[in-house]
Structures are given as C-alpha cells and as structure tokens.
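Report on the structure
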Amino acid sequence: MSTIGTTPPTPDTETPKYDPEGFFTPATIRHNMKVLILLEAILMTGSQDLMVALQPLLDYLTESYKLIGFVLGLTWTGVLGAILIPYISRRFAYKKWLYITVSVLWALPLLILGTALVAAPLYNPTTRMLLILTVVLMFIFQMLAGFTYIPHNEFLASCIPPSHRGRMYGISSTLYAVLSLGAIALGGYLIKVLDEPQSFGYVFLMTAGIWLVGYALATSAREKRTPVENSPKPWTGAMFRELLRTRGYIRFLIFSIVYNMTVTPIFVLLPNYGLKELNMPPHAVAIIQGIGQAVIIITSAPSGWLIDRLTPKKVVPVSLIITGVGFLICFFLFNAWSIYVSYAVIRIAMAAINPSTTILAVSIPKPEHRAGLFAVQSLIGMLSYGIGPMVAGAISDIIAPRTILLIIGVFSIAFCFATKSLFRPLGDRPQDYY
C-alpha cells in the first residue's frame with residue numbers, strides 16, 4: 001500500500017518485532033537525531049575535504065589515469081577488515097566504543113601522510129618517493145576502512161529507527177554541505193596559495209582533525225542493545241542461510257555491485273577529466289566540490305523527506321535518470337562549464353541515491369543478523385567499489401573520456417528500469433523491509 005501523503009509511523013506505532021522493548025522513546029529519538037545528524041555531517045565534511053586534496057595530489061604526482069584509478073580504487077584493500085570485523089563485532093552488544101576505536105585508528109595513516117607532505121621541504125623527496133609514500137599510506141588507510149564500515153552501520157541502526165533514517169540523512173547532508181563549504185573553501189585556498197605538495201598535506205591534516213571531532217561527538221549517543229547472543233557465527237552455513245532467506249538484501253547487493261562498478265567511478269573521475277582533458281587548474285577541484293555542496297544544501301533535506309514517504313525503492317530509479325542526464329550534459333558540451341554543471345546535476349541525484357542505499361543496507365537485516373549481512377555487503381561493496389575506479393581509470397587511458405561519458409549516461413538511464421524491477425518486492429515502509 002502506498003504511503004504517499006501519509007505521516008510516517010511514530011515509534012509508538014512501529015511493529016513490535018522491531019522495537020519490542022520500547023527503547024525508541026520520543027526523547028531518545030530526539031537526542032540521537034541531534035547527535036547523529038551532527039556526526040554524519042562532520043564525517044561527510046571530512047570525506048569531501050579529503051577529495052579536494054587527493055585528486056590534485058594524484059594529478060601532481062602522475063600523468064596516468066590508470067594509476068589515479070588504482071589509488072582511488074584501493075577500497076578493495078578493506079576486504080581483510082570486512083572478513084575479520086564480524087568476529088569482533090558479535091562480541092559487543094553495544095557498538096559505540098568499537099566503532100570509535102577502529103575509526104580513530106583509520107584516521108592515523110591520513111595524519112601521517114599529511115605530516116609527511118607538510119614536512120617535505122625538510123627532506124626534499126622526489127616526486128617518485130612521494131608517489132610511493134602516498135600509495136602505501138592510502139593502501140593502509142583503505143585497508144583500515146574495512147574495519148569501520150560494519151561497526152558504523154550497526155551503531156547507526158542501533159540508535160535510529162527505520163522510520164526516521166531518511167530525514168536523519170537528509171538533514172545531516174544539508175548540514176554537511178553547509179559545513180563543508182567552509183572546509184572546501186579553506187582547502188582550495190591552501191592548495192592555491194601554498195607550494196605543492198605541502199598544501200595537500202595541510203588539507204589532509206584538516207580532514208583527520210574534522211573526523212576526530214566527530215568521533216568524540218559519537219560518545220554521547222544512546223544505543224539500543226544488539227541481541228548478539230542470537231547471531232550466527234561469521235562465515236558459517238547459518239550466516240549464509242540467513243542471507244539467502246533475506247531476498248531483499250540480495251537484490252540490494254546486486255544493485256550495489258552494478259552501481260559501484262559503473263556510475264560511481266566515472267563520477268569520481270569527472271574532476272580528473274577536467275584537469276587533464278580541459279586543462280582546468282588544480283584548485284578547480286575545490287570549486288567543483290563547492291558547487292556540489294551548494295546543491296546538497298538545497299536538495300538533501302527534501303530528499304530525506306521524500307525517502308521516508310516514498311521509500312528508497314521509488315526514489316532511486318528516478319535518481320538514476322537524473323544521473324544519466326548529468327553525464328550526457330558533459331558529453332554534449334565537454335568544456336569547463338559542463339564539468340561544473342554535470343557535477344551539480346549528478347549531485348542532485350546522489351543526494352537521494354546515497355542515503356537510500358545506506359537506509360536499505362541498515363534497514364533490511366534483522367538486528368541479530370546485521371553483522372553477518374553487513375560483512376557480506378561490505379566485502380562485495382569494497383571489491384566492486386575498488387575494481388570500478390581501476391577499470392574506469394584503465395579504460396580512460398584507452399577510450400576518449402568524452403566517449404565514456406556518452407556510454408555511462410545512456411547506461412544510467414537504462415539502469416533505472418532494471419532497478420525498478422529489482423526493488424519491486426521490497427515493502428512499502430522501511431520498517432517492513434524484514
């Protein structure tokens with residue numbers, strides 16, 4: 001039954017199977033909404049700042065799209081964490097301190113890389129030395145990221161009920177866009193006025209600092225206990241049987257694999273196309289990111305409202321059409337202005353797609369099965385998201401980027417119809433997914 005025009009259910013009317021203990025009182029939800037909106041906004045702001053420095057740094061260190069794609073695709077190194085973290089996570093009925101601990105460790109390689117770049121004048125490294133250092137530390141950074149994804153999603157799912165996750169992401173995305181405008185402007189200014197590569201190092205240090213503030217904030221969230229005693233052992237037949245029973249999650253995984261290996265990597269490379277093909281200056285990446293943030297300010301809160309009322313299964317297909325239009329704009333015009341416009345249009349779509357996929361990931365599994373199913377999704381996601389940029393980078397060295405934009409634009413529009421079919425069996429309310 002459609003939920004258009006209706007008010008999302010309150011915690012008091014949620015299905016008992018989801019919250020039989022009555023943990024999600026209005027006061028708890030209000031408190032956690034405030035904390036997690038700020039937390040997600042801070043974490044996303046740091047991630048945006050990271051790309052402001054990483055992409056120009058790679059352009060400074062190498063001329064190869066293939067190598068750039070390799071570094072941007074190092075998410076596959078998180079596979080080890082995705083495999084091991086369920087064994088650790090199922091021992092913690094409360095996920096807060098596990099999440100904070102692994103996240104702080106994750107930020108350390110970025111602190112080291114930033115310090116090494118800032119101190120470069122003291123030891124005069126060659127470009128090749130800095131490239132090797134960057135690859136090694138980004139390898140470690142992405143490997144440690146594999147230990148953070150599952151605790152983060154389990155922590156979030158334990159603090160916010162399904163009926164409020166859309167607006168939580170929408171509001172946090174709007175706040176993040178506002179905060180990141182300042183961070184991006186400062187990062188772009190540092191890159192523009194300071195010598196390379198020290199300027200990139202200062203931005204990396206700023207990114208790590210922003211994240212650490214967020215982790216400190218996370219300590220105040222109120223978390224619902226996870227029934228870990230009912231969780232099957234990781235990577236056993238019981239875990240995989242539960243995965244096979246959760247058909248909606250399998251459909252979500254299929255969507256994620258295709259999306260992460262096609263649409264996402266080309267979008268990530270869009271600023272690099274501008275830098276290399278259209279000779280845009282390094283600080284143009286900050287301008288591009290700033291435009292994206294302005295779009296998010298306008299669209300994220302309405303997107304969260306729509307997601308809670310229409311559900312992700314209705315929002316994502318339409319967003320894919322908008323994504324395709326964005327790529328085609330860049331193909332037809334293919335100048336500096338088209339990079340800015342296309343990035344903005346695709347950001348409109350991603351303001352709905354990104355929170356929708358996260359909501360699907362955390363809402364479909366039952367609480368006691370989250371660690372196992374999140375592990376499978378994390379493993380598949382890291383491999384597909386890692387392979388995608390490497391393949392896209394290699395193809396971009398062979399096929400003209402403008403042609404790639406045409407292909408991916410047409411594909412995105414066609415992918416809309418396949419996604420509608422994949423998501424059709426999902427429930428009409430997030431709390432009905434399982």
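Residues numbered from 1 in each chain as written. Predicted model: local features only at pLDDT ≥ 70, side-chain atom pairs only at ≥ 80, totals over all residues. Heavy atoms only, no water.

Another aspect to go through is the overall build of the chain. Helix and strand counts for the chain come out as 17 helices and zero strands. Relative to the 2.2 N^0.38 estimate, which gives 22 Å for 434 residues, the radius of gyration of the chain is 21 Å and therefore close to what a compact globule would have. Seen through its principal axes, the chain has C-alpha atoms that stretch 60 × 45 × 40 Å. Across the chain, the fraction of contacts at a sequence separation of at least 24, relative to all contacts at a separation of at least 6, is 89%. Carbon together with sulfur atoms contributes 69% to the accessible area of the chain, which is approximately 16800 Å² in total. (Helix = DSSP H or I, 4+ residues; strand = E, 2+ residues; numbered from the N terminus. Rg over C-alpha atoms; globule rule 2.2 N^0.38 Å. Contact = heavy atoms within 4.5 Å. Areas by Shrake-Rupley, 256 points an atom, 1.4 Å probe, with all protein chains shown as cover.)

Summed over the entire model, instances satisfying the criterion amount to four salt bridges. The partner of glutamate 154 in a salt bridge is lysine 95, with the nearest N and O atoms 3.6 Å apart. Here glutamate 154 is found in helix H7 (residues 149-159), whereas its partner lysine 95 is found in the loop between helix H3 (79-89) and helix H4 (96-118), with 59 residues between them in sequence. The exposure classification of glutamate 154 matches that of lysine 95, with both residues buried. (Salt bridge = Lys/Arg side-chain N within 4 Å of Asp/Glu carboxyl O. Buried < 20%, exposed > 50% of the residue type's maximum accessible area, 1.4 Å probe, protein only.)

For the structure shown, the criterion picks out 16 aromatic pairs. Ring geometry for tyrosine 60 versus phenylalanine 200: centroids 6.1 Å apart, planes at 50°, classification tilted. Of this pair, tyrosine 60 sits in helix H1 (residues 26-61) while phenylalanine 200 is found in helix H9 (residues 198-218), placing the two residues 140 residues apart along the sequence. Considering the side-chain rings of tyrosine 99 and tyrosine 215, the 6.1 Å spacing of their centres and the 90° angle between planes classify their relative orientation as edge-to-face. Taken together, the residues span a long stretch of sequence, with tyrosine 99 in helix H4 and tyrosine 215 in helix H9 at a distance of 116 residues. We note that tyrosine 99, like tyrosine 215, is buried. Taken together, Phe255, Tyr259, Phe411, Phe415 and Phe423 form an aromatic cluster joined through their ring pairs. (Phe/Tyr/Trp six-rings, centres within 6.5 Å; stacked < 30°, edge-to-face > 60°.)

Attention shifts here to helix H15 (residues 336-363). In this model, H15 (28 residues) spans 40 Å end to end at C-alpha, consistent with the 40 Å of a helix rising 1.5 Å per residue. Maximal helix bending in H15 amounts to about 35°, located at methionine 350. Most of H15 sits inside the fold, with 22 of its 28 residues counted as buried. Put simply, asparagine 335 is the residue that caps the front of H15, since its side-chain oxygen is 3.1 Å from the backbone nitrogen of tryptophan 337. (Expected span 1.5 Å × (residues − 1). Bend = angle between axes of the 7 residues up to and from the residue. Polar contact = N/O pair within 3.5 Å; in protein donor to acceptor, adjacent residues only side chain to side chain.)

A separate point is helix H14 (residues 312-333). Its 22 residues place the ends of H14 32 Å apart at the C-alpha level, agreeing with the 32 Å of an ideal helix rising 1.5 Å per residue. After H14 finishes, the residue phenylalanine 334 shows a positive phi value of roughly 45°.

Another aspect to go through is the packing of H14 against helix H17 (residues 401-423). Look at H14 against H17: their axes get within 8 Å of each other, and the N-to-C directions meet at 170°. One element, H14, and the other, H17, form an angle in the roughly antiparallel class. Its residues assigned to classes, the contact of H14 with H17 shows 18 nonpolar, five polar and three charged. (Axes fitted to C-alpha atoms, helices over the stretch in contact; angles between N-to-C directions. Parallel < 35°, antiparallel > 145°, perpendicular 65-115°, else oblique. Nonpolar A, V, L, I, M, F, W, Y, C, P; charged D, E, K, R; others polar.)

Take unusual backbone geometry next. With an omega dihedral of 5°, the bond running from glutamate 196 to proline 197 counts as a cis peptide bond. In this structure, proline 197 sits in the loop between helix H8 (165-193) and H9. Phi is positive for phenylalanine 334, which is not a glycine, with a value near 45°. Structurally, phenylalanine 334 is set in the loop between H14 and H15.

Using a relative accessible area of 2% as the deciding quantity, one classes glutamate 154 as buried. Once residues lying within four places of it in the same chain are set aside, the contact partners of glutamate 154 are Ser89, Lys95, Arg370, Ala371 and Phe374.

The subject of this paragraph is the packing of helix H12 (residues 263-277) against H15. The contact between H12 and H15 brings their axes to 11 Å, and the two run at 170°. Comparing their axes, H15 and H12 come out roughly antiparallel. Contacts from Phe267, Leu270, Pro271 and Gly274 in H12 reach Ile339, Ser342, Tyr343, Ile346, Arg347 and Met350 in H15. In the contact of H12 with H15, the residues fall into seven nonpolar, two polar and one charged.

Turning our eyes to something else, we now look at the confidence of the model for the chain. Considering every residue of the chain, the mean pLDDT works out to 82; 93% of them sit at 70 or more. The secondary-structure element of the chain with the lowest mean pLDDT is H8, recorded at 77, while H14 shows the highest, at 93. Low pLDDT (under 50) marks residues 1-16, which in the prediction has 27 contacts with non-local residues, meaning those over four places away or in another chain. (pLDDT = per-residue confidence, 0-100.)

Looking now at the environment of threonine 323. Relative to the elements of secondary structure, threonine 323 occurs in helix H14. The exposure class assigned to threonine 323 is buried, which follows from its relative accessible area of 0%. For threonine 323 and glycine 409, which are 86 residues apart along the polypeptide, the C-alpha to C-alpha distance reads 7.3 Å. Look past the residues within four positions of threonine 323 in its chain and what remains in contact with it is Val263, Ile346, Ala349, Ile353 and Ser412.

The subject of this paragraph is the nonpolar core. The biggest cluster of nonpolar side chains holds 112 residues, and the ones touching the most others in it are Phe204, Trp211, Tyr249 and Leu405. Per-element tally for this core: the top contributor is H1, with 15 residues. The contact partners of leucine 405, leaving out residues within four places of it in the chain, are Ile266, Leu270, Tyr273, Phe327, Leu328, Cys330, Phe331 and Phe334. (Core = buried A, V, L, I, M, F, W, Y, C linked by side-chain atoms within 4.5 Å.)

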